[in-house]
Amino acid sequence: MRSTKTIHVISAHAEGEVGDVIVGGVLPPPGDTVWEQSRWIARDGTLRNFMLNEPRGGVFRHVNLLVPPKHPEAQAAWIIMEPEDTPPMSGSNSICVATVLLDGGLVPMEEPVTHMVLEAPGGLVRVRADCRDGKAQRIHVRNVPSFAAELDRSLEVEGIGTLSVDTAYGGDSFVVVDAARMGFSLTEAEAHDIATLGVRITNAANAQIGFDHPENPDWRHISFCLFAGPLVEGADGLETGAAVAIQPGKVDRSPTGTALSARMALLRARGVMGVGDRLTARSVIGSTFTGTILEDTTVEGRPAIVPEISGRGWITGIHQHMLDPSDPWPEGYRLSDTWGAR
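Residues numbered from 1 in each chain as written. Predicted model: local features only at pLDDT ≥ 70, side-chain atom pairs only at ≥ 80, totals over all residues. Heavy atoms only, no water.

Colleague: Account for the side chain of Asn 143, with residues named and values stated.
Modeller: Within the element layout of this structure, Asn 143 appears in the loop between strand S8 (135-142) and strand S9 (147-157). Residues contacting Asn 143, with those up to four places away along its chain left out, are Met 89, Val 125, Gly 170, Ser 261, Val 306 and Pro 307. (Helix = DSSP H or I, 4+ residues; strand = E, 2+ residues; numbered from the N terminus. Contact = heavy atoms within 4.5 Å.)

Colleague: Provide a residue-level description of unusual backbone geometry, including the pertinent values.
Modeller: Glycine aside, a negative phi is what most residues show, and trans is what most peptide bonds show. The residue after Glu 54, namely Pro 55, is reached through a cis peptide bond having omega 15 degrees. Structurally, Pro 55 is set in the loop between helix H2 (46-52) and strand S4 (63-67). Look at the link from Glu 111 to Pro 112: it is a cis peptide, with omega at 10 degrees. Tracing the backbone shows Pro 112 in the loop between helix H3 (91-103) and strand S6 (113-120). Of note in this structure, Asp 152 is not a glycine but carries a positive phi near 55 degrees. Tracing the chain through its elements places Asp 152 in strand S9. Positioned with a positive phi, Thr 256 is a non-glycine residue whose angle comes to about 70 degrees. Tracing the backbone through its elements, the reader meets Thr 256 in the loop between strand S15 (250-251) and helix H5 (257-269). Overall, the relative accessible area of 5% leaves Thr 256 in the buried class. (Buried < 20%, exposed > 50% of the residue type's maximum accessible area, 1.4 Å probe, protein only.)

Colleague: Give me the lowdown on the side chain of Asp 252, citing residues and values where you can.
Modeller: Mapped onto the elements, Asp 252 comes out in the loop between S15 and H5. Lys 250 provides the closest opposite charge to the buried, unpaired Asp 252, separated from it by 5.5 Å. At a separation of 2.8 Å, a polar atom in the side chain of Asp 252 contacts the main-chain amide nitrogen of Ser 254. A distance of 2.7 Å separates polar atoms of two side chains, one belonging to Asp 252 and the other to Thr 256. Apart from residues lying up to four places away in sequence, Asp 252 is in contact with Glu 17, Val 244, Ile 246 and Val 284. (Lys, Arg positive; Asp, Glu negative; His and termini not counted. Salt bridge = Lys/Arg side-chain N within 4 Å of Asp/Glu carboxyl O. Polar contact = N/O pair within 3.5 Å; in protein donor to acceptor, adjacent residues only side chain to side chain.)

Put into structure tokens, the structure is as follows:
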């Protein structure tokens, strides 16, 4: 077999959402911080295209690159590559990375609980992993500070009319709509319609509302649309359904950890949740993440929360992705049947 590169990957998913982890074959990108390294990956595009584009990837896949940490407290760092973005933070990907580090033996496992500090492009996250019989069974991630941005904003969406939406940050940026008002029960059968409509709402929100992170001037767009289900009282706190539409047009298979963090920030801003309260979100495939508001904080004077999210991850395989020098598509390709119109 001929190959001009060989990239070693441990594949994983968190509550259904794919988050593969590159463990070898790629040198750390240039940059003094993990954020700068992630910006280099985004601008260069070579690794993103090779791993995410077909024939090796697909719109369903996220890929994480392990890099040496820059912060002295962190044991590992990673850069998140999603279909259209290279974001500051991701809940499902953080659970995949923590699972691979522990189940793959890259970080020593301590039973019954292993503590780790990981460095995402958007900042440090602290991980508590429940471990038994050599398996990380549940990952708890103390996320970056999350905050409500806009409440009850009017948004015009062509073909739909005027919507009332919120925007918020939970490690990534969201426009949030009421799922029931949009006619959705958040079931598997609705996934295509949720994805299609969600991209339209996201694009409209970027055009009419926009987003700014007070500590990160590079992050100036809304990434996702969260279709938020109704809140109900459960045995361990509030429960809800959630479906997140991801560019260019798919639905997150997991409940989306950053969306859960963003929604808890919105509920805190409205006085519905307080410190110590829990919210469990259920995805369209029935998987769940649980969130807890650990404490109040501020981001450049803006009220915010420190959320913890938790869920399960599983390793699905080990792969070596290769490039034959005669391959006419060295960076792969995207077609509109799955990647949407471009």
